[in-house]
Amino acid sequence: MNRRTALCAALALAVPLLSAPAATAATGAGGPLTRFHHQHLAWKSCVQGPDDDTGKELHQAGAECADVTVPLNHDDPGGRTITVAISRIRATDTPHRVGPLLLNGGGPGGQTLGDAPWVRQALKDVGARYDVVGVDPRFVGRSTPLDCHWPTGTSIQGAGAGRAGFDRTTAFARDLAQRCRTSEGPVLPYVTTRNTARDMDIIRAALGERRISYLGYSYGSYLGAVYATMFPGRVDRMVLDGVVDPGRYSPRLLRGAEAANRHALANWASWTAARNTTYGLGRTRDAVLASVNRIQAAATRAPLKVGSYRLDDHTVPTIVFSGLSQDNDDAHGALARAVRDMSRAAQGQRVRPGPGFADTLKFVLTGSDSAYGSVQSAILCGDVAAPRDPEVYWRDIQRSRAQDPLFAPVTRNIGPCAFWAPPREAPTAIRGDFPALLVNATGDPRTIYPGAVAQRRNWPSSRLVTLRGTDQHAVYGVFGSACVDASVNRYFATGRLPAEDVTCDA
């Protein structure tokens, strides 16, 4: 999971779904999508140039790449087309081949084409039985690109300390939405999860397969639920890791995650306190947390100077939030170094950020990753309408600020979806039951654990693998839990779900 996933992965959300019929694409002979289903895929090297590290990793893993042609508007298959980039590591155990395993790493808007090699490794021996297929969804990565030319890589920021700060973020969100209308207006109605699911089914057909298996993380769990609803009978084995509750999916993707992030921050503070000789942020958990509060207070008074960047009370909590999705020493150390740099800046010292922190600042405070934030917001805004009155957000922030002055102004802040055109389609009314394997950590600060419990209840024939005792977002093949990985691989090997839910200890 990369920096972008850590910062912007989809969460359990707050607005109930509207009712919508489950639609499937025509697949019979002579149907309007026939030419897409039967297209010839021109497989080629994944390497696009000497600096293409993703392509080189795919090449070393034996992957090949292709572009799949899909309609921009699935209701008008004779109109404009776009391409969706895929990679494939073919099965080597052909006598026991199961079929293709499609991947989605979340976001929304995350690139997944390059994930096939590490997923193939996580599968261990059972990986030889699958064609592992990475997909950059429509308008993401190597697929037909979308870029609103934003001055940032994310729409997520804190609301600031008072009304004047909130008004600035409202103007910022309005400007981001306007930039998308200006740059990408004609395609915005078609940047949706339902269309991504339709593209997945064209990929299935173009691969010559009757059914696919699927592994989706974070937002990818919602995409998987939508695909299983829209295309019943097309799914073989499905694993959803970091589970979004579809009944709470909306553009207000962070709302409700405050307690999990406070818990993760406290655990990080304990880790950092035990290493005070390295980071100098305090010898106890409370002392480290007090350092974070002092940084935020200083940034409220005047922007902190960190290298060539200026960090204010909108930026600091976003940076802290972004460091809390992975529960391991590397992630904890990266956040501790960033907080140490900000603490020194708050004391008036000259600070040059380290490489990791510099990358985060570049992502948040420049337009270098504009495409990522653009497509993420376009998907969320295109899926479900957000409240349009800024006062709804302001009242929500004010109600929550007393309990959580650091994170609530981030998780409940206004975003560009408040100024977006209404969605072209109603959200998918997710099917009542489906036999999938669900995976979630109890302390997940992005897709919070109650969302997985709710989806387990919605899908009684599914099973839930719980990783207990960690603040980890995305578990299978990422965290290093032998118990979780074995449960998932056993299911991928046999197609049989566990007899009952499974609990693993971190």
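Our structure's up above, just so we're on the same page.
Given the structure is predicted, the values throughout are model-derived calculations rather than measurements.

With that settled, the discussion passes to the side chain of N276. With respect to the helices and strands, N276 occurs in helix α9 (residues 276-279). Judged by its relative accessible area of 17%, N276 is buried. A polar atom in the side chain of N276 sits 3.2 Å from the backbone nitrogen of L281. When residues no more than four places from it in sequence are discounted, the contact partners of N276 are L281, G282 and R283.

Regular strands have side chains that alternate between both faces of the sheet. For strand β2 (residues 81-89), the tally of buried residues reaches 7 of 9 residues, placing the bulk of the element in the interior. Of the pairings in the sheet, the one linking strand β1 (residues 64-71) to β2 comprises 8 bridges and is antiparallel in character. Within the sheet, the bridge partner assigned to V68 lies in β2 and is V84.

What follows covers the pattern of salt bridges. In this structure the tally under the stated criterion is 25 salt bridges. In this structure, R142 engages D52 in a salt bridge whose closest nitrogen and oxygen atoms are separated by 2.6 Å. Of this pair, R142 sits in the loop between β4 (130-136) and α5 (163-184) while D52 sits in the loop between α2 (34-37) and α3 (53-60), and the two are 90 residues apart along the sequence. Among the residues examined, R142 registers a relative accessible area of 22% and is labelled partly exposed. Here R285 and D286 are joined by a salt bridge, their closest N and O atoms 3.8 Å apart. Owing to a relative accessible area of 52%, D286 belongs among the exposed residues under this scheme. Because the salt bridges share partners, they merge into one network encompassing R252, R255, E258, D396, R399 and R412.

Right, let's get into the packing of aromatic side chains. One pass over the structure, following the stated rule, counts 11 aromatic pairs. Pairing Y222 with Y249 gives two aromatic rings, centres 3.8 Å apart and planes at 15 degrees, and the pair type is stacked. Of this pair, Y222 sits in helix α7 (residues 219-230) while Y249 is found in the loop between β6 (235-241) and α8 (258-273), placing the two residues 27 residues apart along the sequence. Neither residue differs from the other here; Y222 and Y249 are each classed as buried.

Our focus in this paragraph is the state of the cysteines. For the structure on display, the rule yields 4 disulfides. Through a disulfide, C46 is tied to C65; the S-S separation comes to 2.1 Å. Measuring handedness by torsion sign, the sulfur bridge of C46 and C65 sits at about 105 degrees and is right-handed. Here C46, found in the loop between α2 and α3, pairs with C65, found in strand β1; they are 19 residues apart in sequence, far enough to count as distant. The pair C46 / C65 is uniform in exposure class, with both members buried. The disulfide bridge from C483 ends at C504, spanning 1.9 Å between sulfur atoms. Its S-S torsion of about -65 degrees marks the bond between C483 and C504 as left-handed, since a negative value means left-handed. Of the two residues, C483 sits in helix α18 (residues 482-494) while C504 sits in strand β11 (residues 502-505), which places them 21 residues apart along the sequence.

About the thresholds
- Starting afresh in each chain, residues are numbered from 1 along the sequence in its written order.
- For this predicted model, a pLDDT threshold of at least 70 governs which residues receive local features, and a threshold of 80 or more governs which side-chain atom pairs are given and counted, while totals over whole chains, interfaces and linings are taken from all residues.
- Only hydrogens and water are set aside when side-chain values are computed; all heavy atoms of the structure are taken into account.
- Helix and strand labels come from DSSP, where a helix needs a run of H or I of at least four residues and a strand needs a run of E of at least two; each type is numbered from the N terminus.
- Throughout, exposure labels follow a simple rule: accessible area from a 1.4 Å probe, protein chains only, divided by the maximum for the residue type, with under 20% read as buried, over 50% as exposed, and the rest as partly exposed.
- We define a polar contact as two N or O atoms separated by no more than 3.5 Å, with the added condition that, inside protein, one atom must be a possible hydrogen donor and the other a possible acceptor, whereas residues neighbouring each other in sequence contribute only through side-chain atom pairs.
- The contact criterion used is simple: two residues touch if any of their non-hydrogen atoms lie within 4.5 Å.
- A strand pair is defined by DSSP finding two or more bridges across the two strands.
- By definition here, a salt bridge exists when the distance from a side-chain nitrogen of Lys or Arg to a carboxyl oxygen of Asp or Glu is within 4 Å.
- Only the six-membered ring of Trp is used, alongside the rings of Phe and Tyr, when aromatic pairs are assigned; centres must lie within 6.5 Å, and planes under 30 degrees apart are stacked while those over 60 apart are edge-to-face, with the rest tilted.
- When the sulfur atoms of two cysteines come within 2.5 Å, that pair is taken as a disulfide.

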